[in-house]
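The primary structure of each chain is shown beneath.
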Amino acid sequence: MDLHKTVDFARNFSVMIRVQGPDPKGLKMRKHAFHHYNSGKTTLSASGMLLPNSFYDPALANKFFGNSDTQAIQGSLVLTVASVIEPFISLQHRENISQGKHDLIPGSEIDIMVEGKMVAGHGTEVLDQEAPRWLPAKFLTLVEIPVSSSSVQSLIEGSGSSEHGWEVGWSLASYSNSPQPSIDSFQTQQSSMTDKELRNPNLMGKSTTRIAILGVSSLEDPPKLNILCPSKRGDLFLAMGSPFGILSPLHFFNSISVGSIANCYPAGSSNRSLYMADVRCLPGMEGSPVFGEHAQLIGILTRPLQQKTTGAEIQLLIPWEAIATACSDLLQQGAQSSHKASFSNGVKSDGSLDHIHEHPNAGYPPPSLLEKAMASTCLVTIDGGVWASGVLLNNQGLILTNAHLLEPWRFGKATANGEINEFKSNGDECGRYKFNLASISYRRSIRIRLDHMDPWIWCDARVVYVSKGPLDVALLQLEFVPDELCPIVMDFTCPSVGSKAYIIGHGLFGPRCDFFPSVCIGVVAKVVKAKRPLAHRSNQQQRQFPAMIETTAAVHPGGSGGAVVNSDGHMIGLVTSNARHGGGTVIPHLNFSIPCAALGPIFKFSKDTKDFSLLEELEIPNEHLSSVWALLPPLSPKPAPSLPNLPPLPQGDNNNEIKGSRFAKFIAERHDLLKKNSQFNKVESLSSKFIPNVDLFNALWWEDGMVEEE
């Protein structure tokens, strides 16, 4: 189905929820990123989903509405997140939110906004039949989703201590809990809970996944809706909701956001209880219905998890099968079954689905290609603490990852145990390196988790090679090689700008969370090229080669060493870094990878792991390549033209460094040094002047994932 047809179909189900009530102290907006506050009354909003009448039992629905006729439904049901309703629940019921019936405080009102075509009899009442309409709604009940709340609890507990773990809420929210004195304002208040809830993963899980059921009358029954379950990593979806809806429904009502399933929980099970969504959402989208590419229902969005240390935000999606199980006494059996729906590639004029479409995965790699690349990506841990990602290169258990994961050895630093482990290498008269494998001695535990089988397999590994050249690469070898490995397929051509890029790795969620690698989708934003050294350029080789790939896909800490995959399921790059703001917040969509076109020696070595001379090319100094990874313009032996003056960095009192962008400071310092070299008409080798990776780790790049000690 075309995207615009899926959008038209989704409009039959997506609604906006508006809740308002008395709030003389201005406290009810504390759990929300935006609100209206006027004359002692607070107004909040979220998104919601209109349920088809065929989804629920008429007798129970009429009982909720207070109707005696069990055969005639006098209204429709709407699902939304409980967080928009809870501030207006009476205090005595709020203290026992998970139990019994809940009453709203006197003076509270709930309305929903729907598409005009969904209002019964709209043709005789309004001139603009498509104009959205407000309808009064009734609060019926809150429902716990036990399997989903347990999954959120497991994620939070598996991520370590509460001080460095996760919290519920949008990254736009601040941490102010003061009463709201302003009128009709747009504030970014903390999306937080009580101190007790903030410290209790069980309560956090329940608060994040709890839903509310509302009743509304005078609506047309929406068209038949099929259910897609289960979804897989990499599946595309469309969410429709109303971010910042109450601020201006004209601008925000029923906006769309397109994304994909990044991960599923629990791993390896067809009974999904929680999805991680790779999608850009804004406050107010919680409660949005989520549809597959061919308009099948997947579930509803809820509030995200936000990592305290990095500010990384993970959007959560509650699967429909989890909601249906929790509401089994209300929903019809057809709405609960986990069956493969028939796919439509058209929408009729009344909004119902058209004829059958046989290829639901058109537009992105068939699952077999993407799943093979996922099976080639593994989890790398050191001493059970630091983790990152790796890529399996051959059937003999050779794994490619980043050198900065092995930083204590790569740069001759002391390990956590105070030991010094160095590479010993001999250089010949041409400056080339000879490798002495026997000199590599490490005493830390390196373990690899292979995800190509269910259950996954843990294996010990040893270090084979850590590059001392300009590229951040290292090789590990499994001590025990299991059967039926699934090595990656490399593509050494230069990727096209704008082509799809799938990043596969273990970002954010480490070994304790029991996740398969996540999949995030974007495009190749830019390919940066470097010059080959003249002395090492063959007649067949081009003067320039791809040195860096920038993508728009999300990359998070722990994703180092993951694979960048194209639409054919072939690896085009090795994930190496992303950027941080000066305050430490990660910029996931600004990231850098090493192209496979620059990793030819690695590929050759994977075919003959005894010939270390194949890796010598990676050790050759290359000023142009080093400058690319130092984020500097290439140096030239000719006098450089005068450079534009950059504004001086601001200084705080007593020359103390004020808060700002470490990346900006890094570039400014390199600019000053480069300018001095230009003035003296002198060029020095980058290999002797800079250690690009070390500087960039401190100024720009993330650290690898770290498991918190309990």
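Model, not experiment: these values are computed from the prediction. (Residues numbered from 1 in each chain as written. Predicted model: local features only at pLDDT ≥ 70, side-chain atom pairs only at ≥ 80, totals over all residues. Heavy atoms only, no water.)

**Q** What exactly am I supposed to notice about the overall build of the protein here?
**A** Along its length, the protein carries 17 helices and 32 strands. The buried share among the 710 residues of the protein stands at 55%. A fraction of 70% describes how many contacts in the protein between residues 6 or more apart in sequence connect residues 24 or more apart. Just so you have it, the protein exposes about 30,300 Å², and 51% of that area is on carbon and sulfur atoms. (Helix = DSSP H or I, 4+ residues; strand = E, 2+ residues; numbered from the N terminus. Buried < 20%, exposed > 50% of the residue type's maximum accessible area, 1.4 Å probe, protein only. Contact = heavy atoms within 4.5 Å. Areas by Shrake-Rupley, 256 points an atom, 1.4 Å probe, with all protein chains shown as cover.)

**Q** Help me understand the packing of helix 5 (residues 146–158) against helix 7 (residues 201–209), please; the structure alone is not making it clear to me.
**A** How two helices sit against one another is set out by the angle between their axes and by the gap between those axes. Running from N to C, helix 5 and helix 7 point in directions that differ by 135 degrees, and their axes come no closer than 8 Å. One way to sum up the angle between helix 5 and helix 7 is to call them oblique. Judged by the twist between their axes, the crossing of helix 5 over helix 7 is right-handed. Of helix 7, the residues touching helix 5 (which contributes S148, S149, V152, Q153, I156 and E157) are P201, N202, M204, G205, K206, T208 and T209. Each residue belonging to the contact of helix 5 with helix 7 can be placed in one class, and the counts come to 4 nonpolar, 7 polar and 2 charged. (Axes fitted to C-alpha atoms, helices over the stretch in contact; angles between N-to-C directions. Parallel < 35°, antiparallel > 145°, perpendicular 65-115°, else oblique. Left-handed = near helix turned anticlockwise from the far one by under 90°. Nonpolar A, V, L, I, M, F, W, Y, C, P; charged D, E, K, R; others polar.)

**Q** I'm lost on the pattern of salt bridges in this one. Help?
**A** Where charged atoms from two side chains of opposite charge approach closely, those side chains can pair. Tallying each qualifying case throughout the model produces 8 salt bridges. Among the ionic pairs, R449 bridges to D451, the shortest N-O distance being 2.8 Å. In this structure R449 comes out as buried when scored by relative accessible area, which is 0%. Among the ionic contacts, a cluster of salt bridges with common partners joins E86, E144 and R210. (Salt bridge = Lys/Arg side-chain N within 4 Å of Asp/Glu carboxyl O.)

**Q** What is the right way to look at a nonpolar patch on the surface in this model?
**A** A contiguous nonpolar patch, built from L3, I256 and V258 and spanning about 250 Å² of accessible area, is present on the exposed surface. Along the chain, I256 turns up in strand 10 (residues 255–265). (Patch = residues over 30% accessible without salt bridge, like charges linked within 9 Å, V, L, I, M, F, W, Y side chains within 5 Å.)

**Q** Teacher, can you tell me more about the environment of A10 here?
**A** Following the sequence through the fold, A10 ends up in helix 1 (residues 3–10). Note on A10: relative accessible area 0%, which makes it buried. Between the C-alpha atom of A10 and that of F291, which follows or precedes it by 281 residues, the distance is 7.5 Å. Sequence-distant contacts of A10, defined by excluding residues within four places in its chain, comprise L238, M240 and F291.

**Q** I keep staring at the sheet that holds strand 31 (residues 586–595) and nothing clicks. Help me out?
**A** The strands making up a sheet associate through hydrogen bonds between their backbones, and the pairing can be parallel or antiparallel. With antiparallel pairing, the 6 strands of this closed barrel are ordered in space as 26-27-28-31-30-29. Pairwise comparison of adjacent strand axes, ignoring direction, gives a mean angle of 40 degrees for this sheet. In the sheet, strand 30 (residues 571–580) pairs with strand 31 via 7 bridges, with the strands oriented antiparallel. Residue A579 lies in a different strand from strand 31, and its bridge partner there is I587. (Pairing = 2+ DSSP bridges.)

**Q** I tried to follow unusual backbone geometry on my own but got confused; where do I start?
**A** Outside of glycine, negative phi angles account for most residues, and trans bonds account for most peptide bonds. Here the bond from Y265 into P266 is cis, since omega is 0 degrees, no more than 30 degrees from zero. Residue position: P266 is located in the loop between strand 10 and strand 11 (274–278). Unusually for a residue other than glycine, N254 sits at a positive phi of about 55 degrees. Tracing the backbone shows N254 in the loop between helix 8 (249–252) and strand 10. Its identity is not glycine, yet A295 carries a phi of approximately 65 degrees, on the positive side. Relative to the helices and strands, A295 resides in the loop between strand 12 (289–292) and strand 13 (297–301). A relative accessible area of 0% means that A295 is categorised as buried.

**Q** Even after reading the chapter, I still don't get the packing of aromatic side chains, so can you show me in this structure?
**A** Any pair of aromatic rings gets described here by the distance separating the centres and the angle formed by the planes. On inspection of all chains with the given rule, the structure shows 12 aromatic pairs. Seen from their ring centres, F13 and F291 are 6.0 Å apart, and the 45 degrees between their planes marks the pair as tilted. Highlighted residues: F13 in the loop between helix 1 and strand 1 (14–22) and F291 in strand 12, separated in sequence by 278 residues. Connected via pairs of aromatic rings, a cluster forms that spans W166, Y265, F509 and F515. Seen from the ring of W134, R18 lies directly overhead, with NZ or CZ sitting 3.8 Å from the centre. A cation sits over an aromatic face here: R449 above W456, 3.7 Å from the ring centre. (Phe/Tyr/Trp six-rings, centres within 6.5 Å; stacked < 30°, edge-to-face > 60°. Lys NZ or Arg CZ within 6 Å of the ring centre and 35° of its normal.)

**Q** Would you mind going over the nonpolar core with me for this structure?
**A** Considering soluble globular proteins, one finds that nonpolar side chains tend to be buried as a cluster. Core analysis: the biggest nonpolar cluster contains 39 residues, and L400, L471, V473, L475 and M571 have the highest contact counts within it. The contact partners of M571, leaving out residues within four places of it in the chain, are V391, L400, I488, V489, M490, D491, A563, V564, V565 and C596. Listed in part, the 33 residues of the second largest apolar core include I213, I227, A295 and L297. (Core = buried A, V, L, I, M, F, W, Y, C linked by side-chain atoms within 4.5 Å.)

**Q** Whenever I open this one, the pairing of strand 25 (residues 474–478) confuses me. Can you help?
**A** A regular strand places its side chains so that they alternate between the two faces of the sheet. The buried fraction of strand 25 amounts to 5 of the 5 residues, a majority that puts the element mostly inside the structure. Neither face of strand 25 is exposed, since A474, L476 and L478 on one face and L475 and Q477 on the opposite face are all buried. Here 4 bridges tie strand 20 (residues 398–401) to strand 25, and the two strands are oriented antiparallel to one another. Bridge pairing in strand 25 places L400 opposite L475.

**Q** Any chance you could explain helix 5 here in plain terms?
**A** The periodicity of an α-helix, 3.6 residues per turn, causes residues three or four places apart in sequence to face the same way. With 13 residues, helix 5 should reach 18 Å at 1.5 Å per residue; the first-to-last C-alpha distance of 18 Å fits that figure. Within helix 5 the residues assigned to the buried category are S148, S149, S151, V152, Q153, L155, I156 and G158. (Expected span 1.5 Å × (residues − 1).)

**Q** Before we go on, may I ask you to explain the confidence of the model for the protein in this structure?
**A** One rule of thumb: low pLDDT means the predicted coordinates there are not for detailed reading. Of the residues in the protein, 68% have a pLDDT of 70 or more, and the chain-wide mean is 77. In this model, residues 174–193 is a region of pLDDT below 50 whose contacts with residues beyond four sequence positions or in other chains number 67 contacts. Taken together, the stretch residues 652–660 has pLDDT below 50 and engages in 7 contacts with residues farther than four places along the chain or on a different chain. (pLDDT = per-residue confidence, 0-100.)

**Q** Would you mind going over the environment of S242 with me for this structure?
**A** Its place among the elements puts S242 in the loop between strand 9 (236–241) and helix 8. Look at S242 and you get buried, because its relative accessible area is 0%. Sequence-wise, S242 and F253 are 11 residues apart; in three dimensions their C-alpha atoms are separated by 4.6 Å. When near neighbours in sequence (up to four residues on either side) are disregarded, S242 contacts M16, S47, F252, F253, N254, G284 and M285. Only 3.2 Å separates the side chain of S242 from the backbone nitrogen of N254, close enough to count as a polar contact. (Polar contact = N/O pair within 3.5 Å; in protein donor to acceptor, adjacent residues only side chain to side chain.)

**Q** Just checking my understanding: could you explain the environment of R512 for this structure?
**A** Mapped onto the fold, R512 is located in the loop between strand 26 (500–505) and strand 27 (518–531). A sequence separation of 358 residues divides R512 from S154, and the C-alpha atoms of the two residues are 9.1 Å apart.

**Q** In this structure, what is going on with the side chain of T80? I would like to understand it.
**A** Structurally, T80 is set in strand 4 (residues 76–81). A relative accessible area of 0% places T80 in the buried class. In terms of polar contacts, T80 uses its side chain to reach the backbone carbonyl oxygen of S47, at 2.7 Å.

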